[in-house]
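# Examining the three-dimensional arrangement
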Amino acid sequence: MSRKRTVVLISGRGSNMTALIAAASDPAYPAEIVGVISDRANAAGLGIAQSRGIATRVIQRADHPNKDAFDAAIDAALAGFGAEIVALAGYMRILGRGLVEKWQGRMVNIHPALLPAFKGLDTHARVIRAGVRIHGCSVHFVTPEMDDGPIIAQAAVPVMVGDNEDTLAARVLKVEHRLYPLALGLVAEGKARMEKGHTVLAHFADDADNATSVVMAPDPLREETDLEQLARITP
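This section reports on the structure supplied with the text. (Residues numbered from 1 in each chain as written. Predicted model: local features only at pLDDT ≥ 70, side-chain atom pairs only at ≥ 80, totals over all residues. Heavy atoms only, no water.)

### Considerations on the overall build of the protein
The condition is simple: Secondary structure elements are taken from DSSP: a helix is a run of H or I of four residues or more, a strand is a run of E of two residues or more, and numbering for both begins at the N terminus. Residue burial is assigned from relative accessible area. The probe radius is 1.4 Å, only protein chains are included, and a residue is buried under 20% of its type maximum, exposed over 50%, and partly exposed in between. Residues count as neighbours in contact if any of their non-hydrogen atoms are within 4.5 Å of one another. Computed by Shrake-Rupley with a 1.4 Å probe, the accessible areas treat only the displayed protein chains as cover when residues are assessed.
Summing up its helical and strand segments, the protein has 7 helices and 11 strands in all. Buried positions account for 47% of the 235 residues belonging to the protein. Counting only contacts in the protein whose residues sit at least 6 apart along the sequence, the fraction spanning at least 24 positions is 64%. Surface summary for the protein: the accessible area is close to 11200 Å², and the carbon and sulfur share equals 51%.

Structure, rendered in structure tokens:
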């Protein structure tokens with residue numbers, strides 16, 4: 001099997017990056033993490049990647065005269081890594097239209113909300129203020145509009161009475177770390193692809209495969225401590 005060469009873009013601690021690296025440590029996983037790029041030199045995720053023998057690059061906006069030059073530097077680094085897929089994992093900059101369109105269908109992102117609801121920042125606090133009872137995360141193809149690309153897979157968690165932003169964020173993060181490797185695997189295997197602005201999913205062998213491949217949800221009747229145990233659900 002030819003594993004897809006994947007580069008991860010980060011801005012901070014890189015916890016989703018770490019989950020992807022862990023998944024890719026299995027030789028049977030269809031993607032390999034060949035590089036990590038950060039827009040911040042002090043991003044904690046850089047040290048994690050280096051400790052696992054993965055090449056890293058720092059490409060900062062301040063080091064480039066304009067946005068186009070910054071995007072060109074990222075694109076050149078991706079080419080240098082021989083990237084076939086780009087995975088944004090807590091990358092806090094909006095990439096330019098030209099770069100995104102060049103990589104369209106090969107660039108994915110994870111967002112801490114059930115898109116198309118709650119695009120943008122501070123999703124957990126906004127969810128609590130809105131009073132919704134179900135929250136989660138989405139992996140989607142990247143398009144020029146922020147958090148607007150076709151959805152590949154989603155994971156849902158309940159919003160518990162008494163939750164604050166931190167407790168809800170922690171619950172969502174647990175499923176992010178399971179969902180992103182699953183979704184990246186679908187893209188790397190060609191089971192999820194972008195066509196005409198939509199995600200096209202491969203035909204799964206049976207309903208159980210279908211359910212666990214694109215949707216994750218905890219059993220709402222479980223105790224909170226068991227929320228990471230994901231129940232079968234059919235989309």
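### Here's the deal with the pairing of strand E7 (residues 151-158)
Selection rule: For two strands to be treated as a pair, DSSP must find at least two bridges joining them.
E7 sits mainly inside the fold: 6 of its 8 residues count as buried. Relative to E7, strand E6 (residues 134-141) runs antiparallel, the two sharing 7 bridges. Its bridge partner lying in E7, Ser138 is registered against Gln154.

### Some words on the layout of surface pockets
Using the following cut-off: Two kinds of site are reported from a 1 Å grid over the protein atoms alone, namely cavities, where a 1.4 Å probe fits but cannot get out, and pockets, open sets with protein on both sides within 12 Å along at least five of seven lines, and residues are called lining when an atom falls within 4 Å of a point. Grid points are joined across faces, edges and corners, and a volume is the space filled by probe spheres set on the points. Note on residue classes: Ala, Val, Leu, Ile, Met, Phe, Trp, Tyr, Cys and Pro are nonpolar, Asp, Glu, Lys and Arg are charged, and everything else, Gly too, is polar.
Estimates place the volume of the largest pocket at around 940 Å³. If you go around the largest pocket, you meet 38 residues; those closest to its centre are Gly90, Tyr91, Met92, Ile110 and Pro112. Of all the secondary-structure elements, those providing two or more residues to the lining of the largest pocket are helix H1 (15-24), strand E5 (107-111), helix H5 (123-130) and helix H6 (165-188). Of the residues belonging to the lining of the largest pocket, the class tally is 16 nonpolar, 14 polar and 8 charged.

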